[in-house]
Amino acid sequence: MQRVGLLIVTLYAALIGGTELTFELPDNEKQCFYEDLEEGAKFDIDFQVIAGGNYDVDCFVTDPMNNVLYEEQRKQYDSFSHTAALKGVYKVCFSNEFSTFSHKTVYLDFRAGEDTPLLPDMNRATALTQMESACLSIHEILKVVADSQTWYRLREAQDRLRAEDLNERVSFWSIGETIILFVVSLGQVLMLKSFFNDKKTHVATST
């Protein structure tokens, strides 16, 4: 049930190279993602566990020389920013090896590179016009709105999964109570019936 609606989705941003995806991380497994970066390129990583167990996961990031740039254990969510000192493939890994039975669902947002100027001549020496300033202001506000929408979607998904899990547990508990009540009622009926049968047998023997 937790996997319904949580398909892997990859989105590429229009102004900055990046990847957003939601993936499943089975128990006792590790999953890594790779990105080829140029020297001096800045990248940002945001992740959050939205389902499974205690909502925690191990995460580490390494450079092309396999040096550890970031390493955290059993984190529910976190962010990491770094400027690539070497050209090559950088690795981001998530581990659920400490869990023996809990699958996790993890959201990852990986952004690399610098924002492309919104206006072709935005870096000129002269001041921006009122229209250009308004466009830049609207652009920054829309970026904040997009980040807020992503955060609210993650919260909604996490809360929905928790509610579905709680509903499933309550349903199983109700079914169990119903079965126990039925068995106890049947046992009481059979016990009362045996009492009357024993009484009839005793009366017949006495007469």
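Residue numbers run consecutively from 1 along every chain, following the written order of its sequence. Only residues with pLDDT of 70 or above have their local features reported here, since the model is predicted, and side-chain atom pairs are shown and tallied only from 80 upward, although totals for entire chains, interfaces and linings are computed over all residues. The basis for every side-chain value is the complete set of heavy atoms in the structure, and neither hydrogens nor water enter the calculation.

Bringing the overall build of the protein into the picture now. Under the scheme used here, helices are H or I runs from DSSP no shorter than 4 residues and strands are E runs no shorter than 2 residues, and both carry numbers assigned from the N terminus. Scanning the protein for helices and strands turns up 1 helix and 8 strands. Listed N to C, the secondary structure of the protein is β-β-β-β-β-β-β-β-α in terms of helices and strands. Across the 207 residues that make up the protein, the buried fraction comes to 28%. For this analysis, residues touch if any pair of their heavy atoms sits within 4.5 Å. Look at the contacts in the protein between residues 6 or more apart in sequence, and 71% of them connect residues 24 or more apart. Accessibility here uses a 1.4 Å probe with only protein chains present; expressed as a share of the type maximum, an area under 20% marks a residue as buried, one over 50% as exposed, and anything in between as partly exposed.

Patch membership requires over 30% relative accessible area and the absence of a salt bridge. Like charges are linked within 9 Å, and nonpolar side chains (Val, Leu, Ile, Met, Phe, Trp, Tyr) within 5 Å. The Shrake-Rupley method, run with a 1.4 Å probe, gives the accessible areas here. Residue values count only the displayed protein chains as cover. Salt bridge criterion: a side-chain nitrogen from Lys or Arg within 4 Å of a carboxyl oxygen from Asp or Glu. Taken together, the side chains of Phe172, Ile175, Ile179, Phe182, Val183, Leu186 and Leu190 define a hydrophobic patch exposed on the protein surface, amounting to about 740 Å² of accessible area. Mapped onto the elements, Leu190 comes out in helix H1 (residues 130-206).

Bringing the sheet that holds strand S4 (residues 57-62) into the picture now. The strands that make up a sheet are held in pairs by hydrogen bonds between backbone atoms, and each pair lies either parallel or antiparallel. Any two strands are treated as partners once DSSP identifies two or more bridges connecting them. Strand order in this open sheet of 4 strands is S2-S7-S4-S5, and the pairing throughout is antiparallel. Each having just a single partner strand, strand S2 (30-37) and strand S5 (68-75) make up the two edges of the open sheet. With strand direction ignored, the average angle separating the axes of adjacent strands in the sheet is 10°. Pairing analysis gives 8 bridges linking S2 to strand S7 (residues 88-95), with the strands arranged antiparallel. Paired with Lys30 across the strands is Ser95, a residue of S7. To obtain an axis, a line is fitted to C-alpha atoms, over the contacting stretch when the element is a helix, and the angle between two such axes runs from 0 to 180 degrees between their N-to-C directions.

To continue, consider the packing of aromatic side chains. Any pair of Phe, Tyr and Trp rings, taking the six-membered ring for Trp, is counted once the centres come within 6.5 Å. Such a pair is stacked with planes under 30 degrees apart, edge-to-face with planes over 60 apart, and tilted for the rest. Taken as a whole and assessed by the stated rule, the structure comprises 8 aromatic pairs. Residues Phe33 and Phe94 carry aromatic rings whose centres are separated by 6.4 Å and whose planes lie at 70° to one another, so their mutual orientation is edge-to-face. Within this pair, whereas Phe33 is found in strand S2, its partner Phe94 is found in strand S7, the two being separated by 61 residues in sequence. Joined through ring pairs, the aromatic side chains of Phe43, Tyr70, Phe80, Tyr90 and Phe110 make up one cluster.

Glancing now at the nonpolar core. Nonpolar cores are built from buried Ala, Val, Leu, Ile, Met, Phe, Trp, Tyr and Cys residues. Side-chain atoms within 4.5 Å join them into one set. Phe43, Ile45 and Phe94 are the most contacted members of the largest nonpolar core, which has 22 residues in total. Of all elements in the fold, only strand S1 (17-25), strand S3 (42-51), S4, S7 and strand S8 (104-112) reach the threshold of two or more residues within this core. Aside from chain neighbours lying at most four places away, what touches Ile45 is Val61, Asp78, Ser79, Phe80, Val92, Leu108, Asp109 and Phe110.

Here the UniProt feature "transmembrane region" (unreviewed entry) sits at residues 170-192. Split by type, residues 170-192 is 100% helix and 0% strand. Its first and last C-alpha atoms lie 33 Å apart. UniProt positions are given in the numbering used here, feature names are shortened, and annotations may be inferred rather than shown by experiment.

Now for the pattern of salt bridges. Evaluated as defined, the whole model comprises 6 salt bridges. A salt bridge links Asp109 to Arg111; the nearest nitrogen and oxygen atoms lie 2.7 Å apart. On the basis of relative accessible area, Asp109 is assigned to the buried category, the value being 12%. For Arg111, a relative accessible area of 25% puts it in the partly exposed group. Where Arg169 meets Asp165, a salt bridge forms, and the shortest distance between an N and an O atom there is 3.2 Å. Taken together, the residues Arg169 and Asp165, both in helix H1 and 4 residues apart, mark about one turn of the helix. Residue Asp165 is classed as partly exposed on the basis of its relative accessible area of 25%. Taken together, the salt bridges that share partners define one network made up of Asp46, Asp109 and Arg111.

Another aspect to go through is the state of the cysteines. By disulfide we mean two sulfur atoms from cysteines, separated by a distance within 2.5 Å. Applying the stated rule across the entire model yields 1 disulfide. Here Cys59 stays free of any disulfide, with the sulfur of Cys93 as its closest cysteine sulfur at 8.1 Å.

Attention now goes to the pairing of S5. In the sheet, S4 pairs with S5 via 5 bridges, with the strands oriented antiparallel. Note that in S5 the partner of Val57 across the bridge is Lys75. Taken together, S4 and the strand that follows it, S5, pair antiparallel across an intervening segment of 5 residues, in which Asn66 is found at a positive phi of about 65°.

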